[in-house]
Amino acid sequence: MLKSKTFLKKTRAGGVMKIVREHYLRDDIGCGAPGCAACGGAHEGPVLEPQPLDPASSLCPRPHYLLPDTNVLLHQILSVWRPGTWASVASSLRLPGSLETYVEQEQGENANDRNDRAIRVAAKWYNEHLKKMSAENHLQVIFITNDKKNKEKAIEEGIPAFTCEEYVKSLTANPELIDRLACLSEEGAEIESGRIIFSEHLPLSKLQQGIKSGTYLQGTFRASRENYLEATVWVHGDDEENKEIILQGLKHLNRAVHEDIVAVELLPKNQWVAPSSVVLHDEGQNEDDLEKEEEREHILKTAVNDKMLKPTGRVVGIIKRNWRPYCGMLSKSDIKESRRHLFTPADKRIPRVRIETRQASTLEGRRIIVAIDGWPRNSRYPNGHFVKNLGEVGDKETETEVLLLEHDVPHQPFSQAVLSFLPKMPWSITEKDMKNREDLRHLCVCSVDPPGCTDIDDALHCRELDNGNLEVGVHIADVSHFIRPGNALDQESARRGTTVYLCEKRIDMVPELLSSNLCSLRCNVDRLAFSCIWEMNHNAEILKVRFTKSAINSKASLTYAEAQMRIDSTAMNDDITTSLRGLNKLAKILKRRRIEKGALTLSSPEVRFHMDSETHDPIDLQTKELRETNSMVEEFMLLANISVAKKIHEEFSEHALLRKHPAPPPSNYEILVKAAKSKNLEIKTDTAKSLADSLDRADSPTFPYLNTLLRILATRCMMQAVYFCSGMDNDFHHYGLASPIYTHFTSPIRRYADIIVHRLLAVAIGADCTYPELTDKHKLADLCKNLNFRHKMAQYAQRASVAFHTQLFFKSKGIVSEEAYILFVRKNAIVVLIPKYGLEGTVFFEEKDKPKPKLIYDDEIPSLKIEDTVFHIFDKVKVKIMLDSSNLQHQKIRMSLVEPQIPGISIPVDTPNMDYNEPERKKKRHEK
């Protein structure tokens, strides 16, 4: 049956346009209930659950289906869904468009009221329709709505209707479900006190007008990890002035949460402040001690010169909430029998959340997930609800799950839909695979990787040609041969974006059959590759370059140490060793030439854990040793990436996926310049070349580690390198590598960007066909945005995994004292680096319930004077390291000063200071 509706619409040009909307209504759509005689048991599309709900409900004793209204669904589901998933939710909310349930919007009726009426019509139709089933199978449809008027109308129409809370409370067998209900409104969940803490958020219409007129600025709210009373807003847009705005104090933060899109009002210049140098964590319990907050806010104000003042503002409204489910722990209320408690998120940038739960005793000491529902103006903290219990705090599996969730790392097993696109085993190279491919299996190719590596992306070869020149090849796993554009395997790889390497496990971007087998360039097996082959002279100058899909057979899979041993051995002269020596000699020339152009050689303390074979606990921790062979492999990977970048940009000037590293703004280098100056050294930062030369010259015969410390600090000044589409950007330069163009080609097993680059290169050399998305620069730009996010989150997850395993190591090792160097001085603390463990930590000089020492902070030098002792950046100190378990939520490595000796501050080496492990002691006493 066809229903049509015609109306007239005025166009922008002043004309009139006739609009006809047609609805095709069917009378052959089944109800979806299995066994329904009236529908003949035949159903098109999804059907209802074969077993309807039959819970122990005091309100609905009979088996029934639930039909929630749209607002219930959206409020409850979206409270625990990440932003960006709305489309998939919306597609699942549609009921079949049947002739008997179609509802037209009436005159004067708004869309929401029409929607409510349509759902009531559907509920009534279902109840009447299901009565036709046999008496013993008589089912009910229960309408769930939180709208008072909607519920009243449903009851008037004879539809069983309840609020979400009424229904959940009736489930006597599952009382814990009430904890998972999202709060209905901010007003309904306000705390008892009527005082107003925060100013009202302006409505979206006023915010948009203000942003348009320039009264307000729109940007992303970024909370500080070190100071819960400070945040920055990174302003959107092209205007470089006032790009970053500082917010200080609770009232100016005004209920914004990390990653929210906010509108800010810039304060007058006489109210501008400098970024605070104080480390401040929220230690409040279940009370709203606003006087204490005001006292703490006063600490933020630092006497500074005008040059240090930054644009300062306040949040006037929220444009878009970017809330997600948060992992953390319950901070149980001190009030006995209280149902209201505080939840402390694992991420220190997220505020504590008030939740109501009857399971406080069960959830104490567990990692849980909580969703935020709202933040009333008169509450110090937002309101939320319990979502899920993850497991016991400190348990390795639980903590790994937490860090993966907190960093949004997709880590569920690959679905059957994805796995269905894998090649069938046993697999071997066929004649079809060799089409448009060179057979290079005769070459003496080998791979060099870290120990235990199973996802081998790259292999190399070097041989002398008849003309006396050298042929050098970089052979990269041909992952794009197995992952074809647009299928489920490709989509999942694009979503994951990168492989995530944790201390004990690897979260693969592609299924293991590819990552550790068919795509891994293991030795003595035939593998498909994409090869970049140069002809060079002995001075490492490139004479020719060509790219080809290939088949290779690696002759050896070596570790860096094994490859180094071969190069250094006078007894070994086989083909593999000769190849490695040739590669190493050329790599040294390439590296020297890169550094002469201004490429930076920076440093970061990386650690390697040695695990117990049975318990998998860390038993040793040491900094990674880098050899010549590490640099050798790196040089040829860089060269391949640069060569491929040039080729794909020549062929696809608008659609090349490239990688750039922006030059840092001069302000980023302030700390580096000041630190060097304090040691009578000069660091020039006007170009990458001058920075590289300054770092090379910054040496001290009496302090050999100084240069490494300067390079570590220089690393902290850098911007993030990012992927981008060549047609959407003008700046291609890679600052750190001093290269005008760069991309990622050499790791397609673990980076999706490389797969796209392989596809572009394959089209460029005629080895594969193109497809529409490959040359759509807007889609490529969106892909780059996701890849940049995934890459950043993978780095953070990896650091979190190192931090957790470091805690486990020091938990078993006990208290140790080690030499350390000061990396930063703060207003009330020093941040130190312990070279032996590559470990960074903060030594605080102000502690609760202890007399406060006299502290004088000077930001210009920078220095911190404690009593009569002055600390500068890079000063050598001795610290005591222990695991602080006093806060189960944020167990951390705690550092205390041992030397230099300051009365009342420094701690003797042999002081056990067991108070920090009080929870552990109590637990052991209890177990005994």
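Residue positions are counted from 1 within each chain, in the order its sequence is given. Owing to the predicted nature of the model, reporting of local features is limited to residues with pLDDT of at least 70; listing and counting of side-chain atom pairs is limited to 80 or more, with chain, interface and lining totals taken over all residues. Computation of side-chain values: all heavy atoms of the structure, hydrogens and water removed.

Asker: Quick one: what's the story with the pairing of strand S7 (residues 230–235), residue by residue and with numbers?
Answerer: Taken together, the five bridges between strand S6 (residues 217–223) and S7 define a ladder with antiparallel strand orientation. Looking at S7, one finds that Arg 222 is bridged to Thr 232. Strand pairing is defined by DSSP finding a minimum of two bridges between the two strands. Helix and strand assignments follow DSSP, with helices taken as H or I runs no shorter than four residues and strands as E runs no shorter than two, numbered in order from the N terminus.

Asker: Please give an account of the packing of aromatic side chains that cites residues and values.
Answerer: Stacked, edge-to-face and tilted labels apply to pairs of Phe, Tyr and Trp rings (six-membered ring for Trp) whose centres lie within 6.5 Å, assigned for plane angles under 30 degrees, over 60, and everything in between, in that order. Per the stated rule, a full pass over the model turns up 11 aromatic pairs. Taking 5.9 Å as the distance between ring centres and 20° as the angle between the ring planes, the aromatic pair formed by Phe 845 and Phe 871 counts as stacked. On the criterion of sequence distance, the pair formed by Phe 845 in the loop between strand S31 (839–844) and strand S32 (855–858) and Phe 871 in strand S34 (residues 869–872) is long-range, its members being 26 residues apart. Three or more aromatic residues joined by ring pairs make a cluster, and in this case those are Phe 703, Tyr 705 and Tyr 821. Two conditions define a charge located above a ring, namely a distance within 6 Å from the ring centre to NZ of Lys or CZ of Arg, and an angle within 35 degrees of the ring normal. Just above the ring of Tyr 796 sits the side chain of Arg 225; from NZ or CZ to the centre is 5.9 Å.

Asker: Could you give an account of the packing of helix H14 (residues 560–568) against helix H15 (residues 575–596), naming the residues involved and the relevant values?
Answerer: Only the contacting stretch of a helix is used when fitting its axis, a line to C-alpha atoms as for every element, and angles between N-to-C directions run 0 to 180 degrees. At a closest axis distance of 9 Å, the pairing of H14 and H15 adopts a crossing angle of 95°. Comparing the axis directions of H14 and H15 gives the class roughly perpendicular. Here Ala 563, Arg 566 and Ile 567 of H14 come into contact with H15, specifically with Ile 576, Thr 577, Leu 580, Arg 581 and Asn 584. When residues are grouped by polarity, Ala, Val, Leu, Ile, Met, Phe, Trp, Tyr, Cys and Pro land in nonpolar, Asp, Glu, Lys and Arg in charged, and all others, Gly among them, in polar. Considering only residue class, the contact of H14 with H15 consists of four nonpolar, two polar and two charged. Relative orientations are named as follows: roughly parallel for angles under 35 degrees, roughly antiparallel for angles over 145 degrees, roughly perpendicular for angles from 65 to 115 degrees, and oblique for any other angle. Residue contacts are counted whenever heavy atoms from the two residues lie within 4.5 Å of one another.

Asker: Break down the sheet that holds strand S36 (residues 892–899) for me, with residues and values.
Answerer: In spatial order, the strands read S31-S30-S29-S35-S36; together these five strands make up an open sheet with antiparallel pairing. In this open sheet, the two edge strands, each paired with only one partner strand, are S31 and S36. Adjacent strand axes in the sheet meet at a mean angle of 45°, parallel and antiparallel pairs treated alike. Where strand S35 (residues 876–884) meets S36, seven bridges bridge the pair, whose relative direction is antiparallel. The residue of S36 that forms the bridge with Asp 884 is Lys 892. Sitting on the sheet, helix H19 (residues 706–717) is in contact with strand S29 (816–825), strand S30 (829–834) and S31, with an inclination near 55° to S29.

Asker: Summarise the environment of Tyr 167; cite the residues concerned and give the values.
Answerer: Relative to the assigned elements, Tyr 167 resides in helix H5 (residues 164–169). The spacing of Tyr 167 and Ser 58 is 109 residues in sequence and 8.8 Å in space, taken between C-alpha atoms.

Asker: Can you lay out unusual backbone geometry for me, pointing to particular residues and giving the numbers?
Answerer: Where the residue is not glycine, phi is negative for most of them; where a peptide bond is considered, it is trans in most cases. Backbone torsion omega between Met 425 and Pro 426 reads -5°, so that peptide bond is classified as cis. Relative to the helices and strands, Pro 426 resides in the loop between helix H11 (416–419) and strand S16 (438–439). Here the bond from Ile 861 into Pro 862 is cis, since omega is -20°, no more than 30 degrees from zero. Relative to the elements of secondary structure, Pro 862 occurs in the loop between S32 and strand S33 (863–866). Its identity is not glycine, yet Asn 254 carries a phi of approximately 45°, on the positive side. Topologically, Asn 254 is positioned in the loop between helix H7 (250–253) and strand S9 (261–266). For Asn 254, a relative accessible area of 0% corresponds to the buried category. Here the phi dihedral of Asn 680 falls at roughly 60°; this positive angle occurs in a residue that is not glycine. One can find Asn 680 in the loop between helix H17 (670–677) and helix H18 (688–697). Between buried and exposed lies partly exposed: a residue is buried under 20% and exposed over 50% of the maximum accessible area for its type, with that area taken using a 1.4 Å probe on protein chains only.

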